[in-house]
Amino acid sequence: MIYKNLEKLAVKKEDENWRFRSFLKFYDGMTDKELDSLVFKIAEEVGFAVDCTKCGRCCEKLKPMCSEEDQQRLATELSIAIEQLREQYLEYDKSDDEPGWRIKNSPCPFLQDKKCTVYEHRPDNCRQYPYLHKPDFCYRTWGMIERTFTCPIVFQVMEKLKEKLNFH
């Protein structure tokens, strides 16, 4: 698998991926809904072949947001108060696009041996990552290109999608 070389591969493909993004914006070979369906199908196939517990790159690199519900689940699992959870593990991010509480350190403090120690109680952002099963893929390609550096599933989905759409 491409876990160790992912960033180098993503750098090599970055210009091509930006051209592919432009290609998708003007692609009229299928509807947005059909494109989403194709992405979902490819993501499912690729996802079965990737063992996230051998990768852990998302947990090593990203700092997910934690909703109030996420914080409650984590605090309950850790047998601590939400205030203690915030003090120990979270930081308030005031950014304009998505203000709120996020994991403050990377790698994630709940990552051990490439596995999540709070898996059943992990934040929703972690549960949904890498967001390949959300609709409107065509309008989310900017984020997908960024994720090719972190997630081998996204990297491979992009490559297979280029093949399926005969992108050259």
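The coordinates are above.
Residues numbered from 1 in each chain as written. Predicted model: local features only at pLDDT ≥ 70, side-chain atom pairs only at ≥ 80, totals over all residues. Heavy atoms only, no water.

1. Brief notes about helix H2 (residues 32-49)
Inference 1: With 18 residues, H2 extends 26 Å between its outermost C-alpha atoms, agreeing within 8% with the 26 Å of an ideal straight helix rising 1.5 Å per residue.
Inference 2: Every buried residue belonging to H2 is among Leu-35, Asp-36, Leu-38, Val-39, Ile-42, Ala-43 and Val-46, and all of these are buried. Down the axis of H2, the sector holding all buried residues measures 160°, keeping them to one side. H2 presents Lys-33 and Phe-48 as exposed residues on the side facing more than 90 degrees away from its buried surface.
Inference 3: Of the surrounding elements, those touching the buried residues of H2 are helix H1 (6-26) and helix H9 (152-164). (Helix = DSSP H or I, 4+ residues; strand = E, 2+ residues; numbered from the N terminus. Expected span 1.5 Å × (residues − 1). Buried < 20%, exposed > 50% of the residue type's maximum accessible area, 1.4 Å probe, protein only. Arc of directions from axis to C-beta. Contact = heavy atoms within 4.5 Å.)

2. Overview of the layout of surface pockets
Inference 1: Empty space within the largest pocket amounts to approximately 1,400 Å³.
Inference 2: Around the largest pocket, the lining is made up of 48 residues, and of these Cys-58, Asn-125, Cys-126, Tyr-129 and Pro-130 lie nearest the centre.
Inference 3: Breaking the lining of the largest pocket down by element, the ones donating at least two residues are H2, helix H3 (52-55), helix H4 (57-61), strand E4 (115-116), helix H7 (124-128), helix H8 (141-147) and H9. (1 Å grid on protein atoms, 1.4 Å probe; cavity = no way out; pocket = protein on both sides within 12 Å on 5 of 7 lines; lining within 4 Å. Points joined across faces, edges and corners; volume = space filled by probe spheres on them.)

3. A closer look at the pattern of salt bridges
Inference 1: All chains considered together, the criterion is met by 15 salt bridges.
Inference 2: Residue Glu-159 is joined to Lys-13 by a salt bridge in which the shortest nitrogen-to-oxygen separation is 3.2 Å. You can see Glu-159 sitting in helix H9 and its partner Lys-13 sitting in helix H1, a full 146 residues away along the chain.
Inference 3: With relative accessibility at 17%, the residue Glu-159 sits in the buried group.
Inference 4: The salt bridge partner of Lys-63 is Glu-91, with a shortest N-O separation of 3.2 Å. (Salt bridge = Lys/Arg side-chain N within 4 Å of Asp/Glu carboxyl O.)

4. Let's talk about the packing of aromatic side chains
Any two aromatic rings considered together are summarised by their centre-to-centre distance and by the angle between their planes.
Inference 1: Scanning the entire structure with this criterion turns up eight aromatic pairs.
Inference 2: Relative to Trp-142, the ring of Trp-18 has its centre 4.9 Å away and its plane inclined at 75°; by these criteria the two rings are edge-to-face. Taken as a pair, Trp-18 in helix H1 and Trp-142 in helix H8 lie far apart in primary sequence, 124 residues in all.
Inference 3: Residue Trp-18 is classed as partly exposed on the basis of its relative accessible area of 27%.
Inference 4: The interplanar angle of 40° and the centroid separation of 4.8 Å between the aromatic rings of Tyr-89 and Phe-110 together place this pair among those described as tilted. In this pair, Tyr-89 is assigned in helix H6 (residues 82-89) and Phe-110 in the loop between strand E2 (100-103) and strand E3 (111-112), connecting sequence segments 21 residues apart. Here the two residues Tyr-89 and Phe-110 agree in accessibility, since each one is buried.
Inference 5: Geometry around Tyr-119 places Arg-122 over its ring, the cationic atom sitting 3.8 Å from the centre. (Phe/Tyr/Trp six-rings, centres within 6.5 Å; stacked < 30°, edge-to-face > 60°. Lys NZ or Arg CZ within 6 Å of the ring centre and 35° of its normal.)

5. Quick notes on the environment of Lys-164
Inference 1: Among the structural elements, Lys-164 can be located in helix H9.
Inference 2: Using a relative accessible area of 52% as the deciding quantity, one classes Lys-164 as exposed.
Inference 3: Separated by 126 residues in sequence, Lys-164 and Leu-38 have C-alpha atoms that sit 9.0 Å apart.
Inference 4: Contacts of Lys-164, omitting those with residues within four sequence positions, involve Leu-38 and Ile-42.

6. Thoughts on the nonpolar core
Inference 1: Among the nonpolar cores identified, the biggest contains 26 residues, and Leu-35, Leu-132, Phe-137, Val-157 and Leu-161 are the most heavily contacted of them.
Inference 2: Of all the elements, H2 adds the most residues to this core, at six residues.
Inference 3: With residues up to four places along the chain from it excluded, the contact list for Leu-161 reads Phe-20, Leu-35, Leu-38, Val-39, Ile-42 and Phe-137.
Inference 4: In terms of nonpolar packing, the next biggest core, distinct from the first, is built from 13 residues, Leu-74, Ile-80, Leu-90 and Leu-111 among them. (Core = buried A, V, L, I, M, F, W, Y, C linked by side-chain atoms within 4.5 Å.)

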